[in-house]
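# An overview of the molecular structure
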Amino acid sequence: MAARQLASKWLKTEALRSDPRLIPYIPETTSLSPEALNSMLLKHGKVVIKPVVGTGGNGVILIQSNEKGYSVRHQRVSRHVSAFPELLRLLSRLRFRRAYLIQQGIELATIQGRPLDYRVKVVKDRGAWACRAMVGRLARRGLFVTNLCKGGTMLPGRRAIALSLPQANVPQIRKDLRALTRIGTEVMEKHFPGIGELGFDYGIDTEGRIWIFEVNTRPH
């Protein structure tokens, strides 16, 4: 029987949030609406909006508020608007009529100014889950999404952590990533029986704090 696949980021995030052990690691996430967007920008100053169903970093938009209004980054293009109604009009042109969610923006650690995140891939083999990869994904220069299909560069996880956070305890961070992945896998399997592989996407911020961005049931 083919392994189960789930497209909805919202359903998967809700599943992870059901476990108290994972809640501190999940950025604040909610459905996109004008009210929610305004509230999240006031609270965090930086948000990412992304399609509820989508892969490869397609359709992901970064918004930051500043003293002059809002900066909006989509693919390689940056725009600036001075007022919230203008922001909404711009987003209506960029969103392609899909359902979106908003996620708290995280100030990721970088390598030479390029943000990076991490993919931990696990596969169920003969009834037991095994970790198959822990890699860093470094964004192509000029982009904020790290997806390899968008020109991102793959690095060994250990090297990525050491280069982006020179003072970090690399073995401890790797241990923490593995522990969170074990818990997340347990939660996902409980909610969605039949899954056979998972790709957990993590960010590590400039303070060394780990964040769970999302989990994929068809990781590349």
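Residues numbered from 1 in each chain as written. Predicted model: local features only at pLDDT ≥ 70, side-chain atom pairs only at ≥ 80, totals over all residues. Heavy atoms only, no water.

### With respect to the side chain of Arg114
Tracing the chain through its elements places Arg114 in strand 8 (residues 114–125). Of the side chains bearing the opposite charge, Asp117 lies closest to the buried Arg114, which forms no salt bridge; the N-O distance is 12 Å. If sequence neighbours within four positions are ignored, Arg114 has contacts with Ala109, Leu138, Ala139, Arg140, Arg141 and Thr153. (Helix = DSSP H or I, 4+ residues; strand = E, 2+ residues; numbered from the N terminus. Buried < 20%, exposed > 50% of the residue type's maximum accessible area, 1.4 Å probe, protein only. Lys, Arg positive; Asp, Glu negative; His and termini not counted. Salt bridge = Lys/Arg side-chain N within 4 Å of Asp/Glu carboxyl O. Contact = heavy atoms within 4.5 Å.)

### So, the packing of aromatic side chains
Applying the stated criterion to the full structure yields two aromatic pairs. Relative to Tyr202, the ring of Phe200 has its centre 6.2 Å away and its plane inclined at 20 degrees; by these criteria the two rings are stacked. Each of the two residues, Phe200 as well as Tyr202, counts as buried. (Phe/Tyr/Trp six-rings, centres within 6.5 Å; stacked < 30°, edge-to-face > 60°.)

### A look at helix 1 (residues 9–17)
Quick reminder: α-helices carry 3.6 residues per turn. Residues three or four places apart thus point the same way. For helix 1, the full list of buried residues reads Lys9, Lys12, Thr13, Ala15 and Leu16. In a view along the axis of helix 1, the buried residues occupy a sector of 155 degrees, so they form one face of it. The inward-facing, buried residues of helix 1 contact strand 1 (29–31), strand 2 (46–51), strand 6 (100–104), helix 5 (170–191), strand 11 (197–204) and strand 12 (210–216). (Arc of directions from axis to C-beta.)

### Section: the sheet that holds strand 1
Each strand in a sheet pairs with its neighbour through backbone hydrogen bonds, running either in the same direction (parallel) or in the opposite one (antiparallel). The strand order 1-6-2-3-4-5 describes an open sheet built from six strands, whose pairing is antiparallel. Each of the sheet's edge strands pairs with one partner strand only, and the pair in question is strand 1 and strand 5 (77–81). Going from strand to strand, the sheet's axes swing by 25 degrees on average, the running direction of each strand aside. Across three bridges, the pairing between strand 1 and strand 6 is antiparallel. Of the residues in strand 6, the one forming a bridge with Thr30 is Ile102. Strand contacts of helix 1: strand 1, strand 2 and strand 6, with the helix running at about 140 degrees to strand 1, the strand carrying the most contacts. (Pairing = 2+ DSSP bridges. Axes fitted to C-alpha atoms, helices over the stretch in contact; angles between N-to-C directions.)

### Section: the pairing of strand 6
With five of five residues buried, strand 6 lies mostly within the body of the structure. Where burial is concerned, the two faces of strand 6 agree: the one with Tyr100, Ile102 and Gln104 and the one with Leu101 and Gln103 are both buried. In terms of strand pairing, strand 2 meets strand 6 through five bridges, oriented antiparallel. Considered in strand 6, the bridge of Ile49 is made with Ile102.

Geometric descriptors of this kind do not, in isolation, establish any biological role.
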